[in-house]
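Structure at a glance
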Amino acid sequence: MITPVLLCGGSGTRLWPLSRKSYPKQFASILGDESLFQASARRFSGEHFADPLLVTADSFRFIVGEQLEKCGLSSRGTLIEPEGRNTAPAAIAAALMLAKSDPQGLMLLVPSDHAISDAQAFRDAVCSGTVAARDGQIVTFGIAADRAETGYGWLESGAETHPSVMELKQFVEKPDRKKAETLLKDKRYLWNAGVFLARVDVMIKAFRTHAPEVLTAVEIALEKATLDLGFTRLDPETWVRVPDISIDYAVMEKAENVSVVRFDGAWSDLGSWEAVWQESPRDEHGNAMTAHATALDCENTLLRSESDEIEIVGIGLKNVVAVAMRDAVMVADISDSQNVKKAVATLKERKAKQAVQFPVDHRPWGWFETLILSDRFQVKRIHVHPGATLSLQSHNHRSEHWIVVAGTAKVTVNDEVKLVTENESIYVPLGAKHRMENPGKVPMVLIEVQTGAYLGEDDIIRYEDVYARN
C-alpha cells in the first residue's frame, strides 16, 4: 500500500482574491464542485492507497477534516506545522511519522492544489513507479510538456532503469522563454510536478545524507510534539529553527537515486489565473465563465463571479481575467496574472483586510460572514453544523442579539439554557457568559447583531471549548 502525504498548509496568493492567507486555493472549488484538496485526496484513494497523512497549518486543521468527511474519506492523522517552512521540513516530518509504524512502507509526497483531469491515468503512473521505489529509488513524476512554460521547473530524463521508469539526469530551474522553447523540442525534458514516491526509510536516509540539519531539527520538533484532539502539533520553539527550504534544493538535486516517470496526461499546478483559464471549459471564442458571468464580444477572457449576488459582465474584452467577490474585484491582462501577488503585497502595505482575510471566516463549528460593519454595530450571518458547539465565552465591549432563521439553537446565557427556534430571538448582554449549540441534524443559521464600542474578533474570553482553542 502507498500512503499519500497531502501537503495542504500553503497560503499562496497567486489566485487572489479567491485564494487568501485565511482560506487558500487548495480549499476552494476552482474547476468543479469539489475543492482541489478534496480532488487530490480522492485521486489517491482506493485500491493500492492507504488513508492519507495530512500536513497542514493550525488555521486549517478543522477545514481539512471537514472537507475529507464531505467526500467520504478519512485520514490516518494530521501533522500541524507551527508555521510554513517549505516542503523539505514537511516531507521529512511525514516520513518520520510514518516510520514509527512501517519504515519500509511507500510514501507519496504530493501537493494538494494540483489539477489533473484524468485521475486514473495519474494513479496508474504512480503505481508504475512502485517497483523502482521498492528497489530504493526516489521516483518523481515528469509531465509531458505541451508549451514552452516558464513558470515551472523542468526535468531531464535519461535511460530506462525499470519498466516506465527513467533515470533523472538533472533538475532544470524555471527557464526564460528562449530556453523553454529549446526544452520543448526535446522529449527528454519534462515539467517538474513536485510529486515524489519513495520508501519511508529511503527518504529518511536521503535527508540524513544531504540535509542532516533539516532532519535533526525536525526530529526534535517531532519528539517534542503534542497531541491535540487527534492532531499532532510539532513543537513551535524547535520548528522556528528548522531551515526554510524546498525538498528539491535540500535533497533531490543532490541525491543520485532519483528516477522519473513520464506522465502524458493533462496537469496543472494552477499557479496563475491564466492557468485556471487554460484548464477551464471555454466557448467558441475562448471565454471561460462561471454561472453569474456574461461575455459580450469578448475573446480569450476569464470571467468569474464568486457570489450568487454579483453578476459580472465583460464587454469587448480580449485576453483579460476578471474575478469578482463580495469584498474585492481583480482585473488583469491574462498574460500578466502571475503578478497578482504584487497587488496583494501592495494591499498588505495599505493594511487592507482583503489582502489576507477571506470574506467567509471558517471555524471548526461552521462559518460566519460579516454582512454590515459600522462604527458601533456589526451584522453577521452564522452557520453552525449539525451537532456543533461554540465555546462558552463572554465579551468586554459588546452585547449581541441572535435571531434564528433556520434550524434550532440551544442557547446558554449565564445560568439560563433554552431552545431558540426559527423566527425567535434572544439577547446576550455585555459581559454575560454565553454559548450556542446546534442540537439538530440540519444546519442552524442565525443573524447576529453586535453593538458596542469595540467589535473585534479578539474581544473573546473563552471558558470552555470543545475544540481546545486558547
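Being a predicted model, the structure only gives us computed values, none of them experimental. (Residues numbered from 1 in each chain as written. Predicted model: local features only at pLDDT ≥ 70, side-chain atom pairs only at ≥ 80, totals over all residues. Heavy atoms only, no water.)

Some details on the UniProt feature "domain: Mannose-6-phosphate isomerase type II C-terminal" (unreviewed entry) in the protein chain
The sites that carry the UniProt feature "domain: Mannose-6-phosphate isomerase type II C-terminal" (unreviewed entry) are, in the present numbering, residues 361–465. Secondary structure over residues 361–465 splits into 0% helix and 61% strand, and the C-alpha atoms at its two ends are 18 Å apart. (UniProt positions renumbered as here; feature names shortened; annotations may be inferred. Helix = DSSP H or I, 4+ residues; strand = E, 2+ residues; numbered from the N terminus.)

Here's the deal with the nonpolar core
Residues Leu108, Phe122, Val126, Phe141, Leu197 and Trp273 are the most contacted members of the largest nonpolar core, which totals 68 residues. Counting residues per element, this core draws most heavily on strand 8 (residues 189–199), at five residues. Apart from the residues lying within four places of it in its own chain, the contact partners of Val126 are Ile2, Phe44, Phe49, Leu108, Phe141 and Leu197. Core analysis: the second largest hydrophobic core is formed by 47 residues, Leu96, Val200, Ala255 and Val260 among them. (Core = buried A, V, L, I, M, F, W, Y, C linked by side-chain atoms within 4.5 Å. Buried < 20%, exposed > 50% of the residue type's maximum accessible area, 1.4 Å probe, protein only. Contact = heavy atoms within 4.5 Å.)

Brief notes about the UniProt feature "domain: Nucleotidyl transferase" (unreviewed entry) in the protein chain
Under the local residue numbering, the UniProt record ascribes the feature "domain: Nucleotidyl transferase" (unreviewed entry) to residues 4–283. What you have in residues 4–283 is 34% helix and 24% strand, and the ends, taken at the C-alpha atoms, are 36 Å apart.

Let's talk about the layout of surface pockets
In this structure, the second largest pocket encloses a volume near 1,500 Å³. Taken together, 50 residues form the lining of the second largest pocket, with Ala28, Ser29, Ile30, Gly32 and Glu306 sitting closest to its centre. Listing elements by their share of the lining of the second largest pocket, those giving two or more residues are helix 1 (36–43), helix 2 (61–70), strand 12 (288–289), strand 14 (302–305), strand 18 (360–363), strand 19 (366–373) and strand 20 (377–384). A class-by-class count of the residues in the lining of the second largest pocket yields 22 nonpolar, 15 polar and 13 charged. (1 Å grid on protein atoms, 1.4 Å probe; cavity = no way out; pocket = protein on both sides within 12 Å on 5 of 7 lines; lining within 4 Å. Points joined across faces, edges and corners; volume = space filled by probe spheres on them. Nonpolar A, V, L, I, M, F, W, Y, C, P; charged D, E, K, R; others polar.)

Regarding the packing of aromatic side chains
A complete count under the given rule lists 14 aromatic pairs for this structure. Chaining the aromatic ring pairs together yields one cluster made of Tyr23, Phe27, Phe37, Phe60 and Phe358. Here the guanidinium or amino end of Arg282 rests over the ring plane of Trp277, the centre of that ring lying 4.5 Å away. The ring of Phe368 carries the charged tip of Lys380 above its face, separated from the ring centre by 4.0 Å. (Phe/Tyr/Trp six-rings, centres within 6.5 Å; stacked < 30°, edge-to-face > 60°. Lys NZ or Arg CZ within 6 Å of the ring centre and 35° of its normal.)

Remarks on the pattern of salt bridges
All chains considered together, the criterion is met by 22 salt bridges. The partner of Glu83 in a salt bridge is Arg85, and the shortest N-O contact between them spans 3.0 Å. Owing to a relative accessible area of 34%, Glu83 belongs among the partly exposed residues under this scheme. When salt bridges that share partners are traced, they join Asp58, Arg61, Asp228 and Arg233 into one network. (Salt bridge = Lys/Arg side-chain N within 4 Å of Asp/Glu carboxyl O.)

Brief notes about the sheet that holds strand 20
Strand order in the open sheet formed by six strands is 18-19-20-27-22-25, with antiparallel pairing between adjacent strands. Of all strands in the sheet, those with a lone pairing partner are strand 18 and strand 25 (425–428), marking the two edges. Geometrically, the sheet is characterised by an average inter-axis angle of 20° between neighbouring strands, direction not taken into account. (Pairing = 2+ DSSP bridges. Axes fitted to C-alpha atoms, helices over the stretch in contact; angles between N-to-C directions.)

Here we look at unusual backbone geometry
Backbone phi values are negative for most residues with the exception of glycine, while trans is the configuration of most peptide bonds. In this chain, Trp16 is followed by Pro17 through a cis amide linkage whose omega measures 10°. By secondary structure assignment, the location of Pro17 is in the loop between strand 1 (2–7) and helix 1. The backbone of Asn86 sits at a positive phi, close to 75°, despite the residue not being glycine. When you line up the elements, Asn86 lands in the loop between strand 3 (77–81) and helix 3 (87–99). Phi is positive for Leu229, which is not a glycine, with a value near 55°. With respect to the element layout, Leu229 can be found in the loop between strand 9 (226–228) and strand 10 (231–233).

Concerning the state of the cysteines
Inspection of every chain in the model, using the stated rule, returns zero disulfides. Between Cys71, a free cysteine, and Cys8, which holds the nearest cysteine sulfur, the sulfur-to-sulfur gap is 12 Å. The buried category is assigned to Cys71, whose relative accessible area is 9%. (Disulfide = S-S within 2.5 Å.)

As for helix 4 (residues 119–128)
All of the buried residues along helix 4 are Phe122, Arg123, Ala125 and Val126. Angular distribution of buried residues about the axis of helix 4 spans 155°; they occupy a single face of the element. (Arc of directions from axis to C-beta.)

Description of the domain arrangement of the protein chain
Once the domains are mapped, the protein chain shows domain 1 (2–268), domain 2 (280–336) and domain 3 (360–464). Taking the mean C-alpha position of each, domain 1 and domain 3 sit 39 Å from one another. (Domains from an automatic or database assignment.)

Quick word on the pairing of strand 19
Strand direction decides the pairing type here: strand 18 and strand 19, joined by four bridges, are antiparallel. Along strand 19, the bridge assignment pairs Val360 with Glu369. Bridge analysis of strand 19 against strand 20 gives seven bridges, and the strand direction is antiparallel. The partner of Leu373 across the bridge, within strand 20, is Gln378. Where strand 19 folds back onto strand 20 in an antiparallel hairpin, the turn is made up of three residues.

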